[in-house]
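Close look at the chain arrangement
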Amino acid sequence: MNDLTNTAKEILKNNDRNGITIPSASLYPHMWAWDSVFAAMGWAHIDIVRAENEISAQLEAMRDNGMIPHIVFNPETTDDYFPGPKAWGNQFGSLITQPPIWAIGLEYLLDKGLNSRKIPEYLKKIEKVHLFFKSERDPENLNLVAIAHPWESGMDNSPAWDEPLTQVSTETNIKLARLDNKKVSDPKQRPSDAEYRKYLRIVQSLKENQLKPTEFYVYDPFMSSVLYQSELSLQRMCKRLNIPSKAYERAEAIKRALLKCFDEKTGRFLYRDALSQKDYLSPTLGSLSGLFLKDLPAGIKAKSEETLIRDHMTEFGLSTYAKNHPNMDPNCYWRGPVWINTNFLFHYFSNVDLRNKTLGLLSQSGFREYFSPEDGSGLGSFDFSWSAALYMVLSKS
Ligand code: 9WN
């Protein structure tokens, strides 16, 4: 076993808090949804039962309406995080969710030999989560996913949200008490205070309107593409167990809807503001996630791949914003840096091979949270769980 594999395993073990994995000890002391699923995929290479616990803890956290909160608070932690339970007005977890990768994670565990009598129960829960996106995150009934808060996309300050956020006020009754920008070496690697005020304003309005999005509601092609792949995973797992499911039909409906969002000129898939009911373009990596669709028409596939390679491919994998765009920021969070999970998802679900670049980046710069697309230097927090977990996944594939 090489040194990096050992380090990756150590990171997951050090970030283990009684059966859940925190994203990073220095910045994120609770359980985050998509982080946990990526962590589970890494745990599958250490201890398959521990991997199952992680997915099980996620599915246990599902609320009555089928939503899994993007953060489940760890009542035992003494580490502080803002916004915590007080800001959300909820001791259990946040009031929003994150990209729906639970089925993808569980299928990975099954492929790695998970054998559990609880699988039918997990599949039933995942079905309910997927139906939540249909009933609570598709206001125009388009068969696509709209996010109720920028954080639901997992790509918090992506330039994709700049336009809809111009309509959101910075006035909020939640006191800004940030810790994140004090815990990284350069606060410019994190979102700005003005953005945070808007994030809190949206939390406030969700609380005031019984969770109905009134200030920010945006169809995100990345969320829809991820849900499409998750529906396919769910269908395959149900088939293995002879459980009836309509996941495949739902996946096909998402595919038809996403194809209508394709922009011929740029090769990208459009966002849509569900409040103003306007489609718009943003040259983000997320806008190319239509490449996750199976059997794409040849012209669409060729055009999107051309855009991906020309605008996003670097020596270290994919930049999260178009490289030559004047607003591209190589150091700031989701406004340009390379992330291991987006490299992984494009590697896993599209035709681009990012394995060697991703493994090379991690051996050059360690298991950091994100990376400069210019020189691969590490940014954000250290010993980041999904960087470690996905190193194991990619190095074993
Ligand atoms: C807010 C935990 C999470 C990731 C997100 C990433 C970041 C939180 C934050 O960290 O978001 O949810 O405090 O910035 O953007 O993708 O899940 O790693």
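This is a predicted model, so every value here is computed, not measured.

What counts, and where the lines are drawn
Residues numbered from 1 in each chain as written. Predicted model: local features only at pLDDT ≥ 70, side-chain atom pairs only at ≥ 80, totals over all residues. Heavy atoms only, no water. Helix = DSSP H or I, 4+ residues; strand = E, 2+ residues; numbered from the N terminus. Rg over C-alpha atoms; globule rule 2.2 N^0.38 Å. Buried < 20%, exposed > 50% of the residue type's maximum accessible area, 1.4 Å probe, protein only. Contact = heavy atoms within 4.5 Å. Areas by Shrake-Rupley, 256 points an atom, 1.4 Å probe, with all protein chains shown as cover. Lys, Arg positive; Asp, Glu negative; His and termini not counted. Charge placed at Lys NZ, Arg CZ, Asp CG, Glu CD. Near = heavy atom within 4 Å. Polar contact = N/O pair within 3.5 Å; in protein donor to acceptor, adjacent residues only side chain to side chain. 1 Å grid on protein atoms, 1.4 Å probe; cavity = no way out; pocket = protein on both sides within 12 Å on 5 of 7 lines; lining within 4 Å. Sits in = over half its atoms within 2 Å of the grid points. Salt bridge = Lys/Arg side-chain N within 4 Å of Asp/Glu carboxyl O. Pairing = 2+ DSSP bridges. Axes fitted to C-alpha atoms, helices over the stretch in contact; angles between N-to-C directions. Parallel < 35°, antiparallel > 145°, perpendicular 65-115°, else oblique. Left-handed = near helix turned anticlockwise from the far one by under 90°. Phe/Tyr/Trp six-rings, centres within 6.5 Å; stacked < 30°, edge-to-face > 60°. Lys NZ or Arg CZ within 6 Å of the ring centre and 35° of its normal. Points joined across faces, edges and corners; volume = space filled by probe spheres on them. Nonpolar A, V, L, I, M, F, W, Y, C, P; charged D, E, K, R; others polar. Core = buried A, V, L, I, M, F, W, Y, C linked by side-chain atoms within 4.5 Å.

Let's talk about the overall build of the chain
A count of helical and extended segments in the chain gives 15 helices and 14 strands. A compact globule built from 397 residues would reach a C-alpha radius of gyration of about 21 Å, and the chain, at 19 Å, matches this within 12%. Expressed along its principal axes, the backbone C-alpha trace of the chain runs to roughly 50 × 50 × 45 Å. Relative to its 397 residues, the chain shows a buried fraction of 62%. Nonlocal contacts in the chain, meaning residues at least 24 apart in sequence, comprise 69% of its contacts between residues at least 6 apart. In the form shown here, the chain has an accessible surface area of approximately 15,600 Å², with 47% of it arising from carbon and sulfur atoms. Taking the average place of the 47 positive charges on the side chains of the chain and the average place of its 49 negative ones, the gap between the two points comes to 2 Å.

Some words on the site of the ligand
Taken together, 16 residues sit near the ligand, with Asp35, Tyr81, Gly154, Asp156 and Tyr333 positioned nearest. At a separation of 2.8 Å, an oxygen atom of the ligand approaches a polar side-chain atom of Arg190. In this structure, the ligand is accommodated by the largest cavity.

With respect to the pattern of salt bridges
Going through the model one piece at a time under the given rule, you end up with 22 salt bridges. Put simply, Glu121 and Lys125 hold a salt bridge, and the shortest N to O gap is 3.5 Å. Of this pair, Glu121 and Lys125 are both found in helix 6 (residues 119–136), four residues apart, which corresponds to roughly one turn of the helix. With a relative accessible area of 36%, Glu121 lands in the partly exposed category.

So, the sheet that holds strand 9 (residues 271–273)
One open sheet accounts for four strands, arranged 5-6-9-10; its pairing is antiparallel. Each edge of the sheet is formed by a strand with only one pairing partner; in this case those strands are strand 5 (146–147) and strand 10 (278–280).

Section: the packing of helix 2 (residues 33–43) against helix 13 (residues 340–349)
The interhelical angle for the contact between helix 2 and helix 13, taken along N-to-C directions, is 65°, at an axis separation of 12 Å. Taken together, the axis directions place helix 2 and helix 13 in an arrangement best described as roughly perpendicular. Of the two elements, helix 2 crosses helix 13, and the hand of that crossing is left-handed. Across from Trp34, Phe38 and Met41 in helix 2, the residues of helix 13 making contact are Asn341, Phe344 and Leu345.

Notes on the side chain of His312
Counting through the fold element by element, His312 comes out in helix 12 (residues 298–312). For His312, a relative accessible area of 0% translates into the label buried. For His312, the side chain forms a polar contact with the side chain of Arg268, separated by 3.1 Å.

Thoughts on the packing of aromatic side chains
Evaluation of the coordinates by the stated rule reveals 31 aromatic pairs. Taking 5.8 Å as the distance between ring centres and 50° as the angle between the ring planes, the aromatic pair formed by Trp339 and Trp386 counts as tilted. One end of the pair, Trp339, is in the loop between strand 12 (317–318) and helix 13; the other, Trp386, is in helix 15 (residues 385–396), and 47 residues separate them in sequence. A cation over a ring is seen here: Arg178 above Tyr196, with NZ or CZ 3.8 Å from the ring centre.

Some points on empty space enclosed by the protein
Taken as a whole and assessed by the stated rule, the structure comprises two cavities of 30 Å³ or more. Empty space within the largest cavity amounts to approximately 220 Å³. Lining the largest cavity are 19 residues, and of these Tyr28, Trp32, Gln98, Asp156 and Tyr333 lie nearest its centre. Computed from the structure, the second largest cavity encloses a volume of approximately 90 Å³. Contributing to the lining of the second largest cavity are His130, Phe133, Lys134, Asp138, Asn143, Leu144, Val145, Leu227, Glu231, Arg250 and Ile254. Elements represented by at least two residues in the lining of the second largest cavity include exactly helix 6, helix 10 (221–240) and helix 11 (247–259). Of all the elements, helix 6 adds the most residues to the lining of the second largest cavity, at three residues. Across the lining of the second largest cavity, the residue classes break down as five nonpolar, two polar and four charged.

Digging into the nonpolar core
Taken as a class, soluble globular proteins show a tendency for nonpolar side chains to be buried jointly. Grouped together as the largest cluster of nonpolar side chains are 127 residues, with contacts concentrated most on Phe38, Trp102, Trp161, Phe346 and Trp386. Examining the composition of this core, we find that nine residues originate from one element, helix 10, more than from any other.

Quick look at helix 5 (residues 102–111)
Across the ten residues of helix 5, nine count as buried, placing the element largely inside the fold. Among the residues making up helix 5, those that are buried are Trp102, Ala103, Ile104, Gly105, Leu106, Glu107, Tyr108, Leu109 and Leu110. Check the buried side of helix 5 and you find it contacts helix 2, helix 3 (48–60), helix 6, helix 10, helix 13 and helix 15. One or two steps after helix 5, the chain reaches Gly113, where phi turns positive at roughly 105°.

Quick word on the packing of helix 3 against helix 5
Relative orientation of the contacting elements helix 3 and helix 5 amounts to 160°, with a least axis distance of 11 Å. In terms of axis orientation, helix 3 runs roughly antiparallel to helix 5. Seen from above, helix 3 lies across helix 5 with left-handed handedness. Residues Ile48, Ala51, Glu52, Ile55, Gln58 and Leu59 of helix 3 form the contact with helix 5, whose own contacting residues are Trp102, Gly105, Leu106 and Leu109. Residues that form the contact of helix 3 with helix 5 fall into these classes: seven nonpolar, two polar and one charged.

Function-wise, these values are silent; they only describe arrangement.
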